[in-house]
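The primary structure of each chain is shown beneath.
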Amino acid sequence: MISAHPVQAPSAPGWRHRHLLDVVDLAAWELEMVMATADEMATILARPIAKVPTLRGVSVTVLFYEASTRTRVSFEVAARNLSADVVNIAAASSSVSKGESLVDTVRTIEALGADVLVMRHPRSGAPYLAASVFGGHVVNAGDGWHAHPTQALLDLYTLRERLPAGGLRDRKVVILGDILHSRVARSNLWTLTAAGADVWLCGPATLLRGFEAVARALPAERRLTVTTDLAAALRDADAVMPLRIQQERMSGGLLPSLREYAARYQLTAARLRAARPEALVLHPGPMNEGVEIAPDVATSGRSVITEQVANGVAVRMALLYLLTGGRPTTGADG
Amino acid sequence: MISAHPVQAPSAPGWRHRHLLDVVDLAAWELEMVMATADEMATILARPIAKVPTLRGVSVTVLFYEASTRTRVSFEVAARNLSADVVNIAAASSSVSKGESLVDTVRTIEALGADVLVMRHPRSGAPYLAASVFGGHVVNAGDGWHAHPTQALLDLYTLRERLPAGGLRDRKVVILGDILHSRVARSNLWTLTAAGADVWLCGPATLLRGFEAVARALPAERRLTVTTDLAAALRDADAVMPLRIQQERMSGGLLPSLREYAARYQLTAARLRAARPEALVLHPGPMNEGVEIAPDVATSGRSVITEQVANGVAVRMALLYLLTGGRPTTGADG
Amino acid sequence: MISAHPVQAPSAPGWRHRHLLDVVDLAAWELEMVMATADEMATILARPIAKVPTLRGVSVTVLFYEASTRTRVSFEVAARNLSADVVNIAAASSSVSKGESLVDTVRTIEALGADVLVMRHPRSGAPYLAASVFGGHVVNAGDGWHAHPTQALLDLYTLRERLPAGGLRDRKVVILGDILHSRVARSNLWTLTAAGADVWLCGPATLLRGFEAVARALPAERRLTVTTDLAAALRDADAVMPLRIQQERMSGGLLPSLREYAARYQLTAARLRAARPEALVLHPGPMNEGVEIAPDVATSGRSVITEQVANGVAVRMALLYLLTGGRPTTGADG
C-alpha cells in the first residue's frame, strides 16, 4: 500500500505545534519565533528571484468553502515561493457540493498526497474537526466568526515593523466596526494584548455584544476596552483597524443602514485627527470604501494596507516552514 | 506554422493504445502491464520527494464538464508527480458555456499545446468524439453512464494488493446499489470478470434494469450474477462495493426514498457479517454516509476506501506514462 | 518592509512600453518587433520540450472578469513555457464578488507579488485604470467593446505567415458580422490597416453603426471600407474573418433572429467562392457553427482557425518577454 504521507516532515526545531488552528495556542516566545522566521522570509522575497527549494516535495492543498482572493492567493504564492506543490479546491466546483462530509473530504485529500491542508470554512471549529482526522498539518485560514490566525500574525508583524522602538508595548490599537461577526477581531485581540498593546474594540452596541465578558475574562495583565464611543477610542490611538461591514448583516437588524453606519463610525480623515499624528491605518480587506473607511484614508500615507498584504506572504511562508520543518532556507535557488 | 504537437511522445514499449477510452479495449496482459507499472509508480510515491522528471515537457489538460474533486485532483497530482504541466478547465467557467461545440473545444485545446486530454463529460461517448479529432492522447475520466476506466483500474489494483495469494480468481465481489446509472459498475464488471472474479450486481430491480442481458452477453468464462437479494449477494463475499445513491435519481421514480433504500440496501455492519470475515469494503466516493453505507462500515478496518484514493494516483501516473511513453522513470529528481 | 516588486524587470532592449493596453499605441516598427519575437518563440514551441527559463521568478496574475477558455489558457501556457509563475483569479469565485473596487483588487494583486497583470474586463477602459495604480506591467486581454490587442497581434502574425511574399500590403481582408460590439474588430482594423491591408467591415447596418465615422477618421493612407453588401465585401478577398454572433445581442433588437442573420451573412462555401481561390478563413473563437460560419468552412483547408490558437501562444510569449525584459531565451532548458 502507498503511504499517504511520504513526506510528513517534522516541524522546525523548537516548534511544537503540528497544526495552526488558533493564535490562542501560541505562547509569547512562539509569536516571536513566527516573527523572526517571517523576517527571514521577507529577505527571500526581496531577492530578484523570490524562490527557495525549502519545501520541495511538500504538497499543500488549499480548500476554501468561502470566496476569497487575497488569503487564497497569499497561501498559494507563499507555498510556491518555497517550491511546494499546490492544489486548489474551491467548494463550489467540487464534490463538496455533492454532500460529502468534511471528514471524508479531508481523508480523501490526505490520500491524494497532501502534507498541509489550508482551509477556510464558514463554520467555527471546522478546522479542529479536520485536524482530528488529517495525518498532516492543518492551517486555519478562517473559520466562521472564530479565528483567523494568519491574519492576526500578519497584522502583528506589520505593526511591529512600523511602530518605533518599543514595539506594541502600551500602544493604543483600535479595532473598529463589526466586532461581533469578526474572526479577525477575535484573533487580533489575543495577539495584540499578548504583545502588550492597549486594545480598544469600538462599534455600535449591537456589534460589540458579548465582548465586555471577553474583556473581563482576559488575564489581568492584558488590556482590552470595549466602547461605543468612537471619539474616546480614537483619542491618541497609535493604530486603527476598521473592519469590513458586510451588507448581509443589515438584514439581521443589527444595523439600521450602511449610510447610518458610515455617518457614525466611518474612519474619516477628520476623525483620525484625534489619533496620534503618525497613527497607522490597517484593514484586513476587502474594503468597502465609503462605508467603514473613507477612500482618502485608505490611500493616505498612514495606511499600511498593502504592506499587510505583502507581509501576509512572508508570514504564511514562515508558518508553512515552521509547521513542516522544511529544509534549510539558505539553499540556492531551486 | 507552429506544430501543435512538439512532444507527441510515442507510447511506452509494448503499449499499443493511443487513448484510454474504455477498459473493454484492454486485453488481460495489458491489465497486467497497467498493474505492474502502477507498482513502480507506488514506489516513487513512497519516496521522500515523490517527483520524477518522466513527463517533463508533456502538457496535460484536464477538462471536466461535471463537478469532481477526487478524480480531477488525482489526475492533477499524478501529472505533476511526473513533472508534466497541467492546465485545468472547468466547463462552468469556460467558453464551453458560450455554446462552443465539443469538437471545437478539443481542437482549441490541442492548438494550445496539450499532449494529453483528460476529460469527464455527462454524455456517454463524448471522449470518443474528442479522440476522433484530438492529435494527442485522450483519457476518459468518466462519460455519462458509460465508462470510468481509471476507477476500475484503481479498484482492480486495490483488490489485487489486498487479497491474499491467488488474487481475484474465484473471489466473490459484490457491487451494490444504483448499477443502472453507474459508469463505475459498468467498467468494474468488465475488469473484475476479466481477472476471474465472481461478480455480483445487487440492488433494487429498477436499478438493475438491462443487466441480465449484460450478464448473458458476456463470454462464457466470465461470471456475473444479477440479483435483488442482498443476503444472497453478501453471503461469503470477499469484497463489497456500495455505490453512491444520488438524490437526483429519486425524482425519476426509480426509488421510493433514500430512507427506504437505506433500510433495504445500506451496507451495515450487521449485513456485512454474512460476508467472509476478512471481506474488504470499497467505495468510489463521494460517499453518502447513512444512505448506501453505514458510517462505522466506511471507517472500519475492512474499509480500503482511502487506499483506493491513494492507489488512484499511482494508477493514473502509470496510465499517463504508458500512453505518452515518457522518459525512464529511474532518473534523478528533476 | 517587503518590496512588492523584487523583479520589476526592465523591458527588452528597444521596447519602450511598460503596458500593452491597445494596439493603437504600437508604431509600425514595434509591430515588426512583436512579429520577430513571436517567430523566435515559435521556434521554442517547436522543440521537444517547449520550455525556457526566460521568465523564471516572474509572477504573472491572470485576472478575468469574463468567462474564457482560449485566451486565459493561452496566457497561462505562454507564461509557463517561459517558466513564469502563474496565479489565476476568476472574478466569480473571488473577493471581487464582495464589491471590492478594481483599484483595491489591483493593489492587492501587486502586494501579493505579481509582476505582470493580464486582465479581461467587461468595461472598456478598465485596464487603463489598473495600469494607473499597478507597479508592474498590465496586459489587456480584452476590455468591453474597446480592444483585444493580443488577438489582433496573433491575427496579424497568422496572416503574415500564410500570405505569400509581400505580406498584407494591398491584401483585401474582410471582417464580417457584429462589428459594433467587437473589440476584436476594433483592434484588428487598426493593425491590419497599419500593415497596408485593404480592410472591409461588413454586416447588418445595425451592427456597423459608427464605423463610417471611424473610417473617415483614419489617416489618409489607411484603407477601410464599411458596407452591408456581403457580395461586394467577399469579391476577390484574400482573407475573411467572421465574428461570433452573440445570442444575447438579439434581445437588444439589433438583429431579428439568428436564423435570419445566418441566412444573410453566414460565411458559406458558396459565398466564399467569390473570394480568391486561396483566401484564408479566420475566426477569433469561440465559434457558433451554423450561425456566423458554416461547419464545412470552419474545417476546410482554407481555415487557419487552429493556427490562430497555436500562434496566440507564441505571440503572448513574445509580449510577456518584451514587456518584462526577461533573460536571454537561448538558455538551456530550466
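Residues numbered from 1 in each chain as written. Chains lettered and ligands numbered in written order. Predicted model: local features only at pLDDT ≥ 70, side-chain atom pairs only at ≥ 80, totals over all residues. Heavy atoms only, no water.

*Asks:* Quick question: what am I supposed to make of the overall build of chain A here?
*Replies:* Scanning chain A for helices and strands turns up 12 helices and nine strands. Computed over the C-alpha atoms, the radius of gyration of chain A is 20 Å, within 12% of the 20 Å expected from 2.2 N^0.38 for a compact globule of 334 residues. Oriented by its inertia axes, the alpha-carbon framework of chain A measures out at about 65 × 45 × 40 Å. The burial tally for chain A puts 65% of its 334 residues in the buried class. Long-range contacts, defined here as pairs at least 24 residues apart, represent 76% of the contacts in chain A between residues at least 6 apart. (Helix = DSSP H or I, 4+ residues; strand = E, 2+ residues; numbered from the N terminus. Rg over C-alpha atoms; globule rule 2.2 N^0.38 Å. Buried < 20%, exposed > 50% of the residue type's maximum accessible area, 1.4 Å probe, protein only. Contact = heavy atoms within 4.5 Å.)

*Asks:* In this structure, what is going on with the packing of aromatic side chains? I would like to understand it.
*Replies:* Note on aromatic pairs: each is described by the distance of the centres and the angle between the planes. Enumeration according to the criterion identifies three aromatic pairs over all chains in this entry. On the numbers, 5.7 Å between centres and 25 degrees between planes, the contact of A:Tyr261 with A:Tyr265 is stacked. Taken together, the residues span about one helical turn, with A:Tyr261 and A:Tyr265 both in helix 9 (residues 258-265) at a distance of four residues. Given a relative accessible area of 3%, A:Tyr261 falls into the buried group. The ring centre of B:Trp190 lies 3.9 Å from the NZ or CZ of B:Arg222, which sits over that ring. The ring of B:Phe75 is capped by B:Arg316, whose NZ or CZ atom sits 4.8 Å from the centre of that ring. (Phe/Tyr/Trp six-rings, centres within 6.5 Å; stacked < 30°, edge-to-face > 60°. Lys NZ or Arg CZ within 6 Å of the ring centre and 35° of its normal.)

*Asks:* What's the story with the packing of helix 5 (residues 149-162) of chain C against helix 6 (residues 183-194) of chain C in this structure? I'm lost.
*Replies:* When two helices pack together, their arrangement is captured by the angle between the axes and the distance separating the axes. Residues and elements named next belong to chain C. Interhelical geometry of helix 5 versus helix 6 gives an angle of 50 degrees and a closest axis separation of 8 Å. Overall, the two elements helix 5 and helix 6 adopt an arrangement that is oblique. Regarding helix 5 and helix 6, the two cross each other, and that crossing is right-handed. Contacts between helix 5 and helix 6 involve Pro 149, Gln 151, Ala 152, Leu 153, Asp 155, Leu 156 and Leu 159 from the former and Val 184, Ser 187, Asn 188, Thr 191 and Leu 192 from the latter. A breakdown of the residues in the contact of helix 5 with helix 6 according to their chemical character gives seven nonpolar, four polar and one charged. (Axes fitted to C-alpha atoms, helices over the stretch in contact; angles between N-to-C directions. Parallel < 35°, antiparallel > 145°, perpendicular 65-115°, else oblique. Left-handed = near helix turned anticlockwise from the far one by under 90°. Nonpolar A, V, L, I, M, F, W, Y, C, P; charged D, E, K, R; others polar.)

*Asks:* Looking at this structure, I do not really get unusual backbone geometry. What am I missing?
*Replies:* Peptide bonds are trans in most cases, and residues, glycine excluded, mostly fall at negative phi. A cis amide bond, omega -10 degrees, links B:Gly285 with the succeeding residue B:Pro286. Unusually for a residue other than glycine, C:Ser83 sits at a positive phi of about 70 degrees. Inspection of the secondary structure puts C:Ser83 in the loop between helix 2 (70-81) and strand 2 (85-90). Here C:Ser83 falls in the buried class, since its relative accessible area comes to 12%.

*Asks:* Teacher, can you tell me more about the environment of C:Phe134 here?
*Replies:* Residues and elements named next belong to chain C. Inspection of the secondary structure assignment puts Phe 134 in the loop between helix 4 (126-133) and strand 4 (137-143). Of the residues examined, Phe 134 reaches a relative accessible area of 1% and is grouped as buried. Note: C-alpha distance between Phe 134 and Val 214 (80 residues apart in sequence) is 31 Å.

*Asks:* Please explain helix 4 (residues 126-133) of chain B as it appears in this structure.
*Replies:* Residues and elements named next belong to chain B. Three or more residues of helix 4 are buried, namely Ala 126, Pro 127, Ala 130 and Ala 131. Across the axial projection of helix 4, the buried residues extend over an arc of 135 degrees, all falling on one side. Its buried side turned inward, helix 4 meets helix 3 (102-111), strand 3 (116-121) and strand 4 (137-143). (Arc of directions from axis to C-beta.)

*Asks:* I tried to follow the side chain of C:Thr37 on my own but got confused; where do I start?
*Replies:* Residue and element names in this part refer to chain C. Locating Thr 37 in the fold gives a position in helix 1 (residues 28-45). The buried category is assigned to Thr 37, whose relative accessible area is 8%. In this structure the side chain of Thr 37 is engaged in a polar contact, spanning 2.7 Å, whose partner is the backbone oxygen of Met 33. The contacts of Thr 37, once residues within four sequence positions are left out, are Ala 318, Tyr 321 and Leu 322. (Polar contact = N/O pair within 3.5 Å; in protein donor to acceptor, adjacent residues only side chain to side chain.)

*Asks:* How do you make sense of the sheet that holds strand 4 of chain B when you look at a structure like this?
*Replies:* Sheet strands pair via backbone hydrogen bonds, and the direction of the pair is either parallel or antiparallel. Residue and element names in this part refer to chain B. Spatially, 2-1-3-4 is the arrangement adopted by the four strands of the open sheet, whose pairing is parallel. With partners counted over all chains shown, the strands left at the sheet margins are strand 2 (85-90) and strand 4, one partner each. Between one strand and the next, the sheet's axes are offset by a mean angle of 15 degrees, whatever the strand orientation. Where strand 1 (residues 59-64) and strand 2 come together, six bridges link them in parallel fashion. Each bridged residue has a counterpart across the sheet, and for Ser 59 the counterpart in strand 2 is Asp 85. Along the sheet, helix 2 (residues 70-81) contacts strand 1, strand 2, strand 3 and strand 4; its crossing angle with strand 2, the most-contacted strand, is approximately 165 degrees. (Pairing = 2+ DSSP bridges.)

*Asks:* So what exactly am I meant to see when it comes to the environment of B:Ile245 here?
*Replies:* All names here are of chain B. Looking at the secondary structure, you find Ile 245 in the loop between strand 8 (239-242) and helix 9 (258-265). Residue class for Ile 245 comes out buried when judged on its relative accessible area of 1%. In this structure the C-alpha to C-alpha distance between Ile 245 and His 181, which are 64 residues apart in sequence, comes to 9.6 Å.

*Asks:* Help me understand the pattern of salt bridges in this model?
*Replies:* Two side chains carrying opposite charge are able to pair once their charged atoms lie near each other. Residue and element names in this part refer to chain A. Summed over all chains, the structure comprises 39 salt bridges over all chains. Close ionic contact of Glu 30 with Arg 16 constitutes a salt bridge, the shortest N to O distance being 2.4 Å. Here Glu 30 is found in helix 1 (residues 28-45), whereas its partner Arg 16 is found in the segment before helix 1, with 14 residues between them in sequence. Residue Asp 104 pairs with Arg 107 through a salt bridge whose shortest N-O separation is 3.9 Å. One end of the pair is Asp 104 and the other is Arg 107, both in helix 3 (residues 102-111) and three residues apart, which spans about a single turn. Here Asp 104 falls in the buried class, since its relative accessible area comes to 5%. Counted as one network, the salt bridges with shared partners bring together Arg 72, Glu 76 and Arg 80. (Salt bridge = Lys/Arg side-chain N within 4 Å of Asp/Glu carboxyl O.)

*Asks:* When you look at the side chain of B:Gln266 in this model, what are you seeing that I'm missing?
*Replies:* Residue and element names in this part refer to chain B. Take Gln 266: it is sitting in the loop between helix 9 and helix 10 (269-272). By relative accessible area, Gln 266 is classed as buried at 11%. One polar contact links the side chain of Gln 266 to the main-chain carbonyl oxygen of Val 291, over a distance of 3.0 Å. Setting aside chain neighbours within four positions, we find Gln 266 in contact with Tyr 261, Arg 271, Gly 290, Val 291, Glu 292, Ile 293 and Ala 294.

*Asks:* Help me understand the environment of B:Leu230 in this model?
*Replies:* Residues and elements named next belong to chain B. As for its placement among the helices and strands, Leu 230 is situated in helix 8 (residues 230-234). For Leu 230, a relative accessible area of 8% corresponds to the buried category. A sequence separation of 34 residues divides Leu 230 from Arg 264, and the C-alpha atoms of the two residues are 8.3 Å apart. If we ignore the near neighbours within four places in the chain, the residues touching Leu 230 are Leu 176, Cys 202, Arg 264, Tyr 265 and Arg 271.

*Asks:* How should the packing of helix 1 of chain A against helix 5 (residues 149-162) of chain A be read in this particular structure?
*Replies:* Residue and element names in this part refer to chain A. Taken N-terminus to C-terminus, the directions of helix 1 and helix 5 make an angle of 75 degrees; their axes are 11 Å apart at the nearest point. In terms of orientation, helix 1 lies roughly perpendicular with respect to helix 5. Counted together, Leu 31, Glu 32, Val 34, Met 35, Ala 38, Asp 39 and Ala 42 of helix 1 and Leu 153, Leu 156, Tyr 157 and Arg 160 of helix 5 form the full contact between these two elements. Class assignment of the residues belonging to the contact of helix 1 with helix 5 gives a composition of eight nonpolar, no polar and three charged.

*Asks:* Help me understand the confidence of the model for chain A in this model?
*Replies:* Do not read the predicted coordinates in detail wherever pLDDT is low. All names here are of chain A. With 90% of its residues at a pLDDT of 70 or more, chain A shows a mean pLDDT of 91. Across residues 3-9, confidence stays below pLDDT 50; counting only partners more than four residues off in sequence or on other chains, it has 23 contacts. Note that pLDDT drops below 50 for residues 327-334; the model gives that stretch 22 contacts with residues more than four away or on any other chain. Complex prediction metrics read pTM 0.92 and ipTM 0.91. (pLDDT = per-residue confidence, 0-100.)

*Asks:* Sorry if this is basic, but what is going on with the sheet that holds strand 6 (residues 198-202) of chain C here?
*Replies:* Residue and element names in this part refer to chain C. Overall, parallel pairing links the five strands, which are arranged 7-6-5-8-9 in an open sheet. A single partner strand is all that each edge strand has here, and the edge strands are strand 7 (223-227) and strand 9 (280-281). Across five bridges, the pairing between strand 5 (residues 172-176) and strand 6 is parallel. Note on strand 6: the bridge partner recorded for Val 174 is Trp 200. Seen against the sheet, helix 6 touches strand 5, strand 6, strand 7 and strand 8 (239-242) and runs at an angle of roughly 170 degrees to strand 5.

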